[in-house]
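# Close look at the chain arrangement
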Amino acid sequence: MKPLRQRSRLISRSLLSIALTGCLSMAAPAVLAQSTAATIRGQVTVDSAPAGDARVTAINTATGLTRSVAVGANGSYNLAGLPPGTYRLQVEANGQSSSQNVTVAVGQTATLNLGVGGVAETATAGEATNMDAVRVTAEALVETKTSEVATYVSQKQIESLPQATRNFLAFADTVPGMVFQQDGNGNAKLRSGGQSANNINVFIDGVGQKSYTMPGGVPGQDSSRGNPFPQSAIGEYKVITSNYKAEFDQISSAAVVAATRSGTNEFEGSFFWDRTAAEWRARTPAELDNGTKSDSKEEQYGVSFGGPILQDRLHFFVAYEAKEYNTPRTLELLDDSRYDESDVPAELVAGIGPANSPFKQDMYFGKLSWSVDDYNLVELSTQIRREEETIRNNGEYTIDRASFIDNDVSRYDLRWQYSGDRWLNDMHLTYEDSAWVQQPLVGGNGYILTVSDYNATNGFRENTRNIVSSGPGSGNQDKGQKGWSFQNDLTFSGWDAHTLKMGVKFKQVDLLSTERNFTNPQLYYDIAQSTDQPYRIEFGRAIPGTPGGVSKSDNKQFGIYVQDDWEVNEHLTLNFGLRYDYETTPAYEDYVTPAGLAANLRNYPNLQNSDIDVENYISNGSNRSAYKGAWQPRLGFSYDLNGDQRHVIFGGAGRSYDRNLFTNLQKEEQTVSYAAPYRVWFTDVDGQCRNGGGCVAWDDSYLTEAGRDQLVNSGQVSREYYLINNDLKVPYSDQFSLGIRNAWDFGETTWNSEVAVAHVRSRDGLSVRLGNRRPDGSFFEPGSNFGPPWNYDPPFGRLVLLDNGLETRTNSLLVKFDKPYTNASGWGVTTAYTYTDAERNSNEDGAGIFDWPYAGYYGYLPVSQIPRHRFVTTGIWDGPGGITYSGKLTLESQRERVGVNRSQGEAFFDSYRPDGTFGHLQLDLAAQKVWHASDDISLRVRADVLNVTNRYNWESYNDDWTSANFGQHNLAIRLPTRTFKLSFGIDW
């Protein structure tokens with residue numbers, strides 16, 4: 001059997017086995033950068049004997065960048081800090097020399113034994129495409145000897161596979177254990193296992209993109225159809241789902257490690273434009289039901305250009321991409337079996353039906369790469385993202401029920417890399433600034449029409465559901481982060497058989513969160529009572545003398561790690577890592593509970609009679625501290641059965657800390673400065689009070705601000721306070737994996753397989769629960785919507801407690817079987833199957849636990865966002881006539897639906913699977929033709945057909961166990977319907 005080259009893991013690493021000294025305290029982990037540079041290591045022999053006096057030099061065939069190292073006494077060498085690409089390796093020993101071309105991938109540590117004097121290298125030959133489009137006959141190094149559970153996404157896949165959006169993270173969908181989620185509104189998120197999208201981190205050119213304030217994992221990925229980065233500027237990337245090394249931080253699920261493109265010694269450019277529109281797509285179910293098709297379009301265009309300023313020394317690369325979307329929406333009345341539709345006001349009916357939602361994004365990227373000499377590389381890069389969006393959701397909304405959003409992200413990075421014979425130093429100085437601003441599209445009062453069931457036994461109206469919402473949403477938000485960071489990573493390879501890596505980072509980041517919810521009052525009406533007189537109002541207003549809903553925090557982050565990769569022998573490699581992180585969050589640590597609120601809490605008999613210790617939630621400004629204890633050991637191994645890199649057993653275990661989002665940490669400060677929601681219940685037109693005695697008579701003056709001020713001054717209103725535990729911890733996960741990867745020869749082709757089992761247990765996630773209790777201290781009837789009278793506890797209203805309590809546990813079987821694409825073969829195939837058993841002790845990602853007293857009260861529930869079975873396969877084929885064909889097939893089993901089951905007279909959380917074999921089935925196909933107009937210019941035309949079978953992948957279902965339509969789908973679907981997309985491009 002032919003030995004196989006190693007396409008490896010992230011950079012060369014290091015041992016730990018040393019103790020980190022000092023006493024550090026911490027509130028949330030800091031961001032230690034992950035290098036995207038590759039490493040080639042191995043042994044050099046001369047006439048079959050180790051070469052002790054030799055030198056290995058790597059020259060990038062596209063940019064001329066040169067790295068040279070001396071060979072150790074035992075013949076070992078280590079070339080670190082190589083930007084991904086194709087290199088000519090030159091070996092000089094005892095007056096003899098040899099050379100060969102190889103290609104290394106992002107973050108790879110490849111093992112390659114070299115020889116002169118007639119000794120063949122231990123690797124198979126193959127072809128690869130340099131990420132800067134320089135085609136060189138080169139051996140593609142393949143990674144097998146790593147303990148990580150990782151998969152590479154190549155530039156060929158990014159360029160060729162069909163896709164609905166140019167979000168480069170979408171290709172991570174082909175990785176076992178990953179799900180790229182694009183909901184019915186087009187909002188995209190990436191998640192892994194049972195944890196939410198918040199728990200991933202993306203590293204671009206060694207810089208973490210973590211979002212500290214908003215959900216989504218990276219800035220701008222919460223409620224956005226936008227892309228995080230220009231796809232044309234991404235060369236390739238790597239996805240690690242388990243057992244990442246100690247250099248990874250602020251992460252507890254999956255890491256994405258991407259490298260950007262650089263300019264080369266040739267001037268090269270590219271332009272693209274693609275489009276689809278209403279006439280090129282099939283109708284949505286709502287459009288079929290309504291008989292008309294909404295106007296819609298998706299248009300994307302961009303240009304990239306790069307080249308030399310000084311040959312072999314100084315290069316530039318710039319890219320611009322834009323998106324203009326007008327996406328169809330499904331606006332509909334819900335729960336239509338529970339009322340007569342003729343009773344719905346005509347103006348509300350006129351506002352539903354097919355609609356659309358516009359979106360515009362501009363993205364810029366620029367990079368200067370200066371190879372000062374053979375030892376120093378300096379890079380300066382800039383990324384800018386600007387987008388405007390009108391969010392109009394699918395479901396029970398009228399067309400004016402929308403929000404306008406500005407989403408801006410900027411990041412600047414100065415990088416200096418120094419490479420010596422035995423060590424590499426990689427330093428980054430980074431500045432970032434991101435902002436997310438949301439406001440309702442229209443002003444005024446919101447109108448929410450509901451339907452409820454009257455229970456004659458207790459005299460309350462229960463099982464209340466929204467029929468349709470109209471007018472403005474509830475409030476305004478302005479959230480973001482900005483600051484600078486310094487990070488330094490040092491790799492030392494002078495210790496025999498060990499590669500030692502260590503790093504440190506300091507970051508100063510200012511966090512902002514402005515929440516002014518219910519600035520637009522929301523009025524609730526019951527269709528069985530009156531569509532003119534509301535039974536409830538919710539509104540908010542700033543408290544005089546306070547910031548009025550504005551929270552800021554001047555955070556400081558510090559992290560340190562050490563990592564060792566020890567090649568014990570040709571079979572066994574051991575990985576030892578340890579990291580420690582620290583962060584201060586003054587907005588949480590220095591917060592002081594207002595004296596009046598603290599006194600009311602201490603004198604509240606309902607709490608005193610409960611199992612809640614109220615002192616745990618009252619802060620005096622000095623009884624909170626940064627969290628101490630974020631030590632994170634990470635261990636791994638790989639065992640090469642035959643020493644030829646063809647059959648390798650691997651595994652590992654480790655702990656990784658994530659962070660608490662500032663949007664949650666600032667809630668108690670925000671709720672004492674901006675009162676929201678004030679909530680008032682009115683007596684129904686039939687004289688009943690659905691609030692159990694806490695109702696007031698309706699007056700039309702309450703539609704005005706002056707009338708609402710009278711309500712507040714009368715003391716007949718409730719409001720909401722958040723209280724955070726004084727001993728809040730940082731969420732983390734423990735990860736365990738074991739697997740085997742193999743290389744199989746079938747004729748002239750080599751297939752790679754990998755089978756692994758993984759267990760991930762996350763703990764200390766933030767849970768949000770109700771603090772109100774009955775007079776005897778007991779919690780309310782489970783599933784009773786927190787009461788009654790949950791909303792009005794004098795002298796305050798609703799109490800919301802934030803604690804550590806959310807847990808997830810995920811067991812996965814991860815299988816992949818791939819034949820990489822090569823120019824020589826002209827085809828490639830990937831297959832990925834994932835079996836996932838994911839549970840959490842909450843019913844939702846946001847950990848809102850209001851129907852029960854605490855997280856875990858009702859046991860573990862399935863994670864509804866993750867299917868149990870998932871299969872994704874892709875193919876690329878260079879067919880006749882110079883046409884490249886590609887396809888992607890995605891199959892998912894039905895996902896669990898989770899909700900409150902009241903069908904048996906009591907309320908409890910339950911789950912079910914809708915009927916049907918597949919919860920998601922989508923086949924996408926693409927074909928591209930390239931014409932070479934000259935030696936320097938080529939034209940290309942591409943056609944994509946998305947969702948070829950036009951299968952409706954339903955987005956929502958009727959989860960009411962008591963309904964006659966229980967388990968039946970609503971009209972909303974996950975887009976796209978069958979869609980034709982046409983693309984044009986010019987390359988020069």
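The following refers to the structure shown.

Rules behind the numbers
- Residues numbered from 1 in each chain as written.
- Predicted model: local features only at pLDDT ≥ 70, side-chain atom pairs only at ≥ 80, totals over all residues.
- Heavy atoms only, no water.
- Pairing = 2+ DSSP bridges.
- Helix = DSSP H or I, 4+ residues; strand = E, 2+ residues; numbered from the N terminus.
- Buried < 20%, exposed > 50% of the residue type's maximum accessible area, 1.4 Å probe, protein only.
- Arc of directions from axis to C-beta.
- Contact = heavy atoms within 4.5 Å.
- Polar contact = N/O pair within 3.5 Å; in protein donor to acceptor, adjacent residues only side chain to side chain.
- Core = buried A, V, L, I, M, F, W, Y, C linked by side-chain atoms within 4.5 Å.
- Phe/Tyr/Trp six-rings, centres within 6.5 Å; stacked < 30°, edge-to-face > 60°.
- Lys NZ or Arg CZ within 6 Å of the ring centre and 35° of its normal.
- Salt bridge = Lys/Arg side-chain N within 4 Å of Asp/Glu carboxyl O.

### Side note on the sheet that holds strand S3 (residues 54-60)
The strand order across the open sheet formed by 5 strands is S4-S3-S6-S7-S12, and the pairing between neighbours is mixed. Each having just a single partner strand, strand S4 (66-70) and strand S12 (139-140) make up the two edges of the open sheet. As paired elements, strand S7 (residues 96-104) and S12 share 2 bridges and run parallel to each other. Bridge pairing links Thr103 to Ala140 in S12.

### So, the sheet that holds strand S19 (residues 255-260)
Ordered by their spatial adjacency, 5 strands build an open sheet running S13-S18-S19-S16-S17, and the pairing between neighbours is mixed. Of all the strands in the sheet, just strand S13 (149-153) and strand S17 (207-208) have a single pairing partner and so form its edges. Looking at chain direction, S13 and strand S18 (residues 234-242) are connected through 5 bridges and run antiparallel. Bridging across to S18, Val153 finds its partner in Tyr237.

### Comments concerning helix H5 (residues 595-602)
Along H5, the residues classified as buried are Leu597, Ala598 and Leu601. Along the axis of H5, the buried positions cluster into a sector of 100°, meaning they face one direction only. Of the surrounding secondary structure, the elements contacted by the buried residues of H5 are helix H6 (605-608), helix H8 (667-673), strand S39 (720-724) and strand S42 (798-819).

### So, the side chain of Ser485
Along the polypeptide, Ser485 turns up in strand S29 (residues 476-492). Of the residues examined, Ser485 reaches a relative accessible area of 2% and is grouped as buried. A distance of 3.5 Å separates polar atoms of two side chains, one belonging to Ser485 and the other to Lys505. If near-sequence neighbours (up to four positions away) are discounted, Ser485 is found in contact with His428, Leu429, Thr430, Lys505, Phe506 and Lys507.

### Observations regarding the nonpolar core
The biggest cluster of nonpolar side chains holds 30 residues, and the ones touching the most others in it are Phe168, Leu190, Val202, Tyr237 and Val256. Elements represented by at least two residues in this core include exactly strand S14 (178-182), strand S15 (188-192), strand S16 (201-204), S18, S19 and strand S22 (314-331). With 3 residues, S18 is the largest single contributor of residues to this core. Counting 26 residues, the second largest nonpolar core, distinct from the first, contains Ala51, Leu65, Leu89 and Val91.

### Focus: the packing of aromatic side chains
What describes a pair of aromatic rings is the distance from one ring centre to the other and the angle between the planes of the rings. Under the counting rule described, the total for this entry stands at 32 aromatic pairs. Note on Trp280 and Phe980: the rings are 5.7 Å apart at their centroids and 75° apart in plane angle, and the pair reads as edge-to-face. One end of the pair, Trp280, is in the loop between strand S20 (268-277) and helix H2 (285-290); the other, Phe980, is in strand S52 (residues 979-987), with 700 residues separating them in the sequence. Given a relative accessible area of 28%, Trp280 falls into the partly exposed group. Overall, Phe980 belongs to the partly exposed group, its relative accessible area being 32%. One aromatic cluster is present, built from ring pairs that chain together Phe267, Phe305, Phe316 and Trp988. Lying over the aromatic face of Phe650, Arg741 brings its terminal NZ or CZ to 3.8 Å of the ring centre. In this structure, Lys819 packs its charged tip against the face of Trp827, placed 4.5 Å from the ring centre.

### What to know about the pattern of salt bridges
Tallied over the full model, the rule gives 56 salt bridges. Linking Glu615 and Arg602 is a salt bridge whose minimum nitrogen-to-oxygen distance equals 2.8 Å. With Glu615 in the loop between H6 and strand S35 (631-640) and Arg602 in helix H5, this pair connects stretches of sequence that are 13 residues apart. The network of salt bridges with shared partners includes Asp173, Arg870, Lys888, Glu892 and Arg895.

### What about the side chain of Ser304?
With respect to the helices and strands, the residue Ser304 is situated in strand S21 (residues 297-310). Ser304 sits in the buried class, given a relative accessible area of 6%. Every residue in contact with Ser304, bar those within four places of it in the chain, is listed here: Ser232, Arg261, Glu268, Gly269, Ser270, Phe317, Val318, Ala319 and Trp988.

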